[in-house]
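Each chain is listed here by its residues.
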Number of protein chains: 2
Amino acid sequence: MRTLQVDLGERSYPIHIGEGLLAQPELIVPYIAGRQVAIVTNETVAPLYLGRLTQTLAGYGVTPIVLPDGEAYKNWETLQRIFDSLLAERHDRRTTIIALGGGVIGDMAGFAAACYQRGVDFLQVPTTLLSQVDSSVGGKTGINHPLGKNMVGAFYQPKAVIIDTSTLSTLPARELSAGLAEVIKYGLICDEPFLGWLEDNMSALRALDSAVLTEAIERSCAAKARVVGVDERESGLRAILNLGHTFGHAIETHQGYGVWLHGEAVAAGTVMALEMSARLGWISVEERNRGIRLLQRAGLPVVPPVGMTPDDFLEHMAVDKKVLDGRLRLVLVRRLGDAVVTSDFPQEILQATLSADYRTLVAKLGDE
Amino acid sequence: MRTLQVDLGERSYPIHIGEGLLAQPELIVPYIAGRQVAIVTNETVAPLYLGRLTQTLAGYGVTPIVLPDGEAYKNWETLQRIFDSLLAERHDRRTTIIALGGGVIGDMAGFAAACYQRGVDFLQVPTTLLSQVDSSVGGKTGINHPLGKNMVGAFYQPKAVIIDTSTLSTLPARELSAGLAEVIKYGLICDEPFLGWLEDNMSALRALDSAVLTEAIERSCAAKARVVGVDERESGLRAILNLGHTFGHAIETHQGYGVWLHGEAVAAGTVMALEMSARLGWISVEERNRGIRLLQRAGLPVVPPVGMTPDDFLEHMAVDKKVLDGRLRLVLVRRLGDAVVTSDFPQEILQATLSADYRTLVAKLGDE
C-alpha cells in the first residue's frame with residue numbers, strides 16, 4: 001500500500017492506494033467517529049462492492065443508499081434521496097457518509113455530507129479510474145444545474161481517500177479510457193516526464209497491469225495533492241487542473257449530461273486547448289500532435305461532437321466558473337508540462353479554435 | 001451608528017447597527033468585490049425596501065430575486081429559483097448575494113451563497129427583529145426538509161451584517177414579538193441583568209422606541225457574537241443559543257412550517273425548557289414564572305399547541321441536530337443567565353415536562 005498526504009492544515013487527510021483495501025477494516029474504521037455510517041453508491045457498483053464494504057464495517061449501523069447510475073442523475077432530485085434516507089434512519093451529526101463509486105457518487109455524497117445538518121464526516125472510496133486519479137481528491141463536491149455543470153456545490157474535504165485498485169478489474173473499457181484523460185492531463189499541465197512514461201506504458205495501463213496502474217494513480221494523486229495543497233479553493237493555481245474542462249463542460253452540457261462521459265468530453269476539450277495553445281504560438285504543432293496521439297492511444301475521442309457550433313460553445317462557456325467580471329478565462333499550455341490560466345488572448349484565436357476542422361486535423365495525424 | 005465585530009480569524013466581520021443604513025452606499029459598497037450583485041428578498045419586503053437598496057447600489061449590475069414570503073417556502077424549490085436567476089443573469093464567482101429580509105431570506109440567501117459555484121460573497125441586511133438579533137449573525141444557513149427544520153445547510157459567514165433599525169417601523173406586531181423571543185433568550189442563557197432591563201423596557205420595545213430597540217439589538221448581537229466567536233461550528237458552547245429550540249422546532253415541524261412563527265415556537269419551547277429546569281430543581285418555580293411572564297409581556301404564546309402529544313414531541317425531537325449517537329441533548333437553564341447543553345437528565349423528567357398542563361400552569365400565573 002502507498003500513502004500520500006493532502007496538506008491542508010487541520011483539514012489534511014491521507015490517500016491510501018493499494019489492492020484489496022475495501023476489505024481492510026483497520027484502514028477504514030479509524031476514520032469513523034460515531035456508530036452510524038451511510039454508504040452512498042449506485043446500482044452498478046452496489047452488486048459488486050457494497051457487500052464487501054458493509055462486511056468490513058461490521059459492528060456499525062450501516063445505511064446503504066443506492067442511487068441510479070450516471071451523470072444525468074447528478075442533480076437535486078437524487079441528492080434529496082440521500083437526505084431522505086439519512087433522516088428516515090435518523091443519522092445524527094456524528095454520522096459518516098462513505099462515497100463508494102465513481103465521480104458522480106463522490107461529488108454527490110460529498111455535497112450531501114457538506115450540507116447534512118450543516119456538515120458531517122465523509123470518506124471517499126472511489127471505484128473508477130477517473131475518481132481515483134482526480135475527483136475523489138481535493139474536496140470539490142456538487143451537483144449539476146440544467147444551465148451549467150457543477151454550478152451548485154461546496155469545497156468540502158473528506159477525512160480520507162481509500163483507493164482499492166482491485167475495483168478497476170470490473171471497470172468497463174470506456175470508463176477506463178475516460179479516467180486516462182485526467183491522467184494524461186497531469187502530464188500536460190505539470191509533469192512533462194510523465195507524458196513519456198505514459199507513452200511507454202499506455203498498452204499496459206489499458207491491459208490493467210496492476211503495478212503500472214498503481215504508479216499512474218499515485219503519480220496523478222501526488223500532482224493533484226500538490227496543487228490542492230497550494231490553492232484549496234481555486235483562487236489561482238488550482239484552476240490549471242481544469243485543462244480541457246471549459247470546452248469539455250460545454251460539450252457535456254450541450255449533449256445532455258451523461259451522453260459523453262466526463263473524461264471523454266475532457267479529452268476532446270484538451271485537444272481544443274492544445275490547438276488554441278498552438279495557434280497562440282506557445283507550443284509547436286508537433287507538441288500539440290503528441291498530446292492528441294496520447295489521448296487517441298488511450299481510446300478517447302479527440303474531436304468535438306458533430307454539429308456543435310462555435311456559438312454553442314460560447315453560450316455554455318459564458319457560465320463557466322472561471323469567468324470573472326464577464327471575462328472568460330481558459331487553461332492553456334505554455335509548454336508541455338506547464339499550464340496557465342489566462343484571459344489574455346485575442347478573441348479571433350478563440351474563434352478560430354472553436355471553428356477549426358478537427359476531423360481533418362486528426363485524419364492528417366494518422367497519415368504522418 | 002454602533003459597530004460590533006464577530007471575531008472568527010480570517011472570517012471575521014462587522015455588524016453595523018443604526019437608522020437609515022440601507023441608504024448609505026459608503027457602508028455597503030466596501031463589501032462588494034465585483035460588479036454584480038443579487039438582492040434576494042421576498043414579496044412583502046420588496047415593495048418596502050428593494051428600491052431603496054437598489055438605488056444605494058447604483059453603478060452595479062443588480063439582479064433582484066423576489067421569493068414568496070414565509071417559512072413554508074424555505075425549501076429546495078425556492079432555493080432553486082435563486083440559482084436559476086443567478087445562472088440566467090450569468091453571475092460569476094465574484095458576485096455578491098445580499099439577503100434583504102427576515103430569517104427565512106437570510107438562511108436561504110446565505111445557503112445559496114455557500115453553494116453557488118461552490119461559494120460566493122454575501123451580506124446580511126436583516127429587516128425583522130428576529131433576524132437582526134439572531135439569525136443574521138453567526139453564519140448558520142440552510143433550508144428545511146419535510147422531516148426536520150434546517151436539516152440541509154452550511155456554516156457560511158457573511159462579509160458584513162447591516163442592520164437598519166428603521167425597517168422595524170413596518171414590521172407587523174406579531175413579527176416584533178417573535179423577535180423578542182430571541183432577545184429574551186439571551187437574558188436567560190447568558191445575561192441575567194438583561195432580563196431586568198427587558199422587564200423595565202418591554203413596553204418601550206413594543207412601542208418601537210428607537211433608542212431602546214437599538215440597545216436591545218446591540219446587546220443581543222454582542223451576546224451572539226461572543227458565543228459564535230468561541231464556537232463557530234457548534235461543537236460545544238454555541239448550542240446554548242438553541243434554548244427552547246428543540247421543543248420549538250418540534251412544534252414548527254408538527255404544525256407545518258409557517259403556521260407558528262419561529263419566534264412563537266421558540267417562546268413556547270422556552271417555557272418547556274424552563275419547566276424542565278424547574279422540575280430538575282435547577283431553578284425555582286418563581287424564576288420559571290419570571291421567564292414565562294416576560295415572554296407573555298412580549299406578546300408571545302407560552303403554551304404548546306393544543307393536541308400536540310408527548311409522542312409527537314419525541315418523534316420530531318429524535319431528529320434534532322443536537323442528538324448524538326442516539327442521545328437527545330437539551331439546552332436547559334442551570335440558573336437564570338446560565339444555560340447548559342445536557343443529555344444528563346432522567347427520562348421521567350422529560351416525559352413529565354412534555355405531559356405538563358401548561359394551560360393550567362399559565363392560568364395560575366395570572367392569579368398570583
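Residues numbered from 1 in each chain as written. Chains lettered and ligands numbered in written order. Predicted model: local features only at pLDDT ≥ 70, side-chain atom pairs only at ≥ 80, totals over all residues. Heavy atoms only, no water.

Note the threshold: UniProt positions are given in the numbering used here, feature names are shortened, and annotations may be inferred rather than shown by experiment.
As recorded in an unreviewed UniProt entry, chain A goes by the name 3-dehydroquinate synthase, listed as coming from Pseudomonas indica. For chain A, the Subcellular location (unreviewed entry) comment in UniProt is given as "Cytoplasm". Annotation of chain A in UniProt includes, under Sequence similarities (unreviewed entry), the sentence "Belongs to the sugar phosphate cyclases superfamily. Dehydroquinate synthase family."

## Details of the relation of the copies chain B and chain A
Condition: C-alpha atoms of residues with pLDDT of at least 70 in both copies form the basis for the least-squares superposition of the copies. Contacts between residues were defined by any pair of non-hydrogen atoms, one from each residue, lying within 4.5 Å.
When chain B is brought onto chain A, the operation consists of a screw motion whose angular component is 180° and whose axial shift is 0.0 Å, with 0.0 Å RMSD remaining. Here the symmetry operator amounts to a two-fold rotation axis. Relative to the rotation axis, the closest C-alpha in chain B is found at Trp76(B), a distance of 4.2 Å. Mapped onto chain A, 100% of the interface residues of chain B are again interface residues, and the two copies thus contact each other with one and the same surface.

## A short note on the pairing of strand 9 (residues 160–164) of chain A
Residues and elements named next belong to chain A. Here is the rule we go by: Relative accessible area decides the class of each residue, using a 1.4 Å probe on protein chains only: under 20% of the type maximum gives buried, over 50% gives exposed, and in between gives partly exposed. The way it works is that DSSP assigns letters per residue, a run of H or I at least four long becomes a helix, a run of E at least two long becomes a strand, and they are numbered from the N terminus. A pair of strands is labelled paired if DSSP reports no fewer than 2 bridges between them.
The element strand 9 is extensively covered by neighbouring structure, given that five of its five residues are classed as buried. Residue alternation in strand 9 divides its side chains into two sets, Ala160, Ile162 and Asp164 and Val161 and Ile163, and both sets are buried. Looking at chain direction, strand 2 (residues 13–18) and strand 9 are connected through four bridges and run parallel. Considered in strand 9, the bridge of Gly18 is made with Asp164. Pairing between strand 6 (residues 121–126) and strand 9: two bridges, direction parallel. Bridging across to strand 9, Gln124 finds its partner in Val161.

## Structural notes on helix 11 (residues 285–297) of chain B
Residues and elements named next belong to chain B. Threshold: One less than the number of residues in a helix, times 1.5 Å, gives the span that helix is expected to have.
Between its first and last C-alpha, helix 11 extends 18 Å over 13 residues, near the 18 Å set by a 1.5 Å rise per residue. All buried positions along helix 11 are accounted for by Arg288, Asn289, Gly291, Ile292, Leu294 and Leu295. Gly299 occupies a position one or two residues after helix 11 and carries a positive phi of about 85°.

## What about the packing of helix 7 (residues 192–206) of chain B against helix 8 (residues 210–230) of chain B?
Residues and elements named next belong to chain B. Which entries qualify depends on this criterion: In this analysis, axes come from line fits to C-alpha atoms, helices being fitted only over the stretch in contact, and the angle between any two N-to-C directions falls in the range 0 to 180 degrees. Two helices crossing with the near one rotated counterclockwise from the far one by less than a right angle form a left-handed crossing, whereas a clockwise rotation gives a right-handed crossing.
For the pair helix 7 and helix 8, the least separation of the axes is 10 Å and the interaxial angle reads 145°. Note that helix 7 runs across helix 8; the crossing there is left-handed. In contact with Pro193, Phe194, Trp197, Asn201, Ala204 and Leu205 of helix 7, helix 8 contributes Val212, Leu213, Glu215, Ala216, Arg219 and Ser220.

## Some remarks on the sheet that holds strand 9 (residues 160–164) of chain B
Residues and elements named next belong to chain B. Strand order in the open sheet made by the seven strands is 1-2-9-6-5-3-4, with mixed pairing throughout. Each edge of the open sheet is held by one strand with a lone partner, namely strand 1 (2–6) and strand 4 (61–67). Taking the axes of each pair of neighbouring strands and ignoring which way they run, one obtains an average angle of 20° across the sheet. When strand 3 (residues 36–42) meets strand 4, the two strands line up parallel, connected through seven bridges. The residue of strand 4 that forms the bridge with Gln36 is Gly61. This element, helix 4 (residues 103–115), spans strand 3, strand 4, strand 5 (96–101) and strand 6 (121–126) of the sheet and lies at about 170° to strand 5. Of the strands in this sheet, strand 1, strand 2 (13–18) and strand 9 are in contact with helix 8, which crosses strand 1 at around 15°.

## Thoughts on the pattern of salt bridges
Residue and element names in this part refer to chain A. Convention followed: Definition used for salt bridges: Asp or Glu carboxyl oxygen within 4 Å of a side-chain nitrogen of Lys or Arg.
Evaluated as defined, the whole model comprises 40 salt bridges over all chains. Taking the shortest distance from any N to any O, the salt bridge between Glu264 and Arg174 comes out at 2.6 Å. Here Glu264 is found in helix 10 (residues 262–279), whereas its partner Arg174 is found in helix 6 (residues 173–190), with 90 residues between them in sequence. By relative accessible area, Glu264 is classed as buried at 10%. Judged by relative accessible area, which is 44%, Arg174 ranks as partly exposed. Connected through salt bridges with shared partners, the residues Glu71, Lys74, Asp107, Lys149 and Glu252 form a single ionic network.

## Topic: the pairing of strand 10 (residues 330–335) of chain A
Residue and element names in this part refer to chain A. Sheet topology note: the strand 10/strand 11 (residues 338–342) ladder contains five bridges and is antiparallel. Across the sheet, residue Val331 finds its bridge partner in strand 11, namely Val341. Between the end of strand 10 and the start of strand 11, which pair antiparallel, lie two residues, with Gly337 showing a positive phi angle near 90°.

## A few points about unusual backbone geometry
Residues and elements named next belong to chain A. The backbone of Gln117 sits at a positive phi, close to 50°, despite the residue not being glycine. With respect to the helices and strands, the residue Gln117 is situated in the loop between helix 4 (103–115) and strand 6. Judged by relative accessible area, Gln117 falls into the buried class, the value being 1%.

## Quick word on the domain arrangement of chain A
Residues and elements named next belong to chain A. So the rule is basically this: An automatic or database domain assignment provides the domain bounds reported here. Accessible area, probed at 1.4 Å, shrinks when two parts are joined; the buried area is that loss added up over both. Any pair of N or O atoms that falls within 3.5 Å is considered a polar contact. Within protein, one atom must be able to donate a hydrogen and the other to accept it, and sequence-neighbouring residues count only if both atoms are side-chain atoms.
Taken domain by domain, chain A holds domain 1 (2–170) and domain 2 (173–367). Each of domain 1 and domain 2 was reduced to a C-alpha centroid, and the two centroids are 26 Å apart. On the side of domain 2, 37 residues touch domain 1, which itself brings 36 residues to the contact. Together domain 1 and domain 2 conceal approximately 3,100 Å² of surface at their shared face, both sides included; 63% is due to carbon and sulfur atoms. For the interface between domain 1 and domain 2, the tally reads six salt bridges. Notably, a salt bridge pairs Lys149 with Glu252, separated by 3.2 Å at the nearest N-O pair. Run the count over domain 1 and domain 2 and you get 16 residue pairs in polar contact (both at pLDDT 80 or more). Elements with a contribution of two residues or more to the side of domain 1 that touches domain 2: strand 1 (2–6), strand 2, helix 5 (129–135), strand 7 (140–145) and strand 8 (148–155). In terms of residue count, the dominant contributor to the side of domain 1 that touches domain 2 is helix 5 (six residues).

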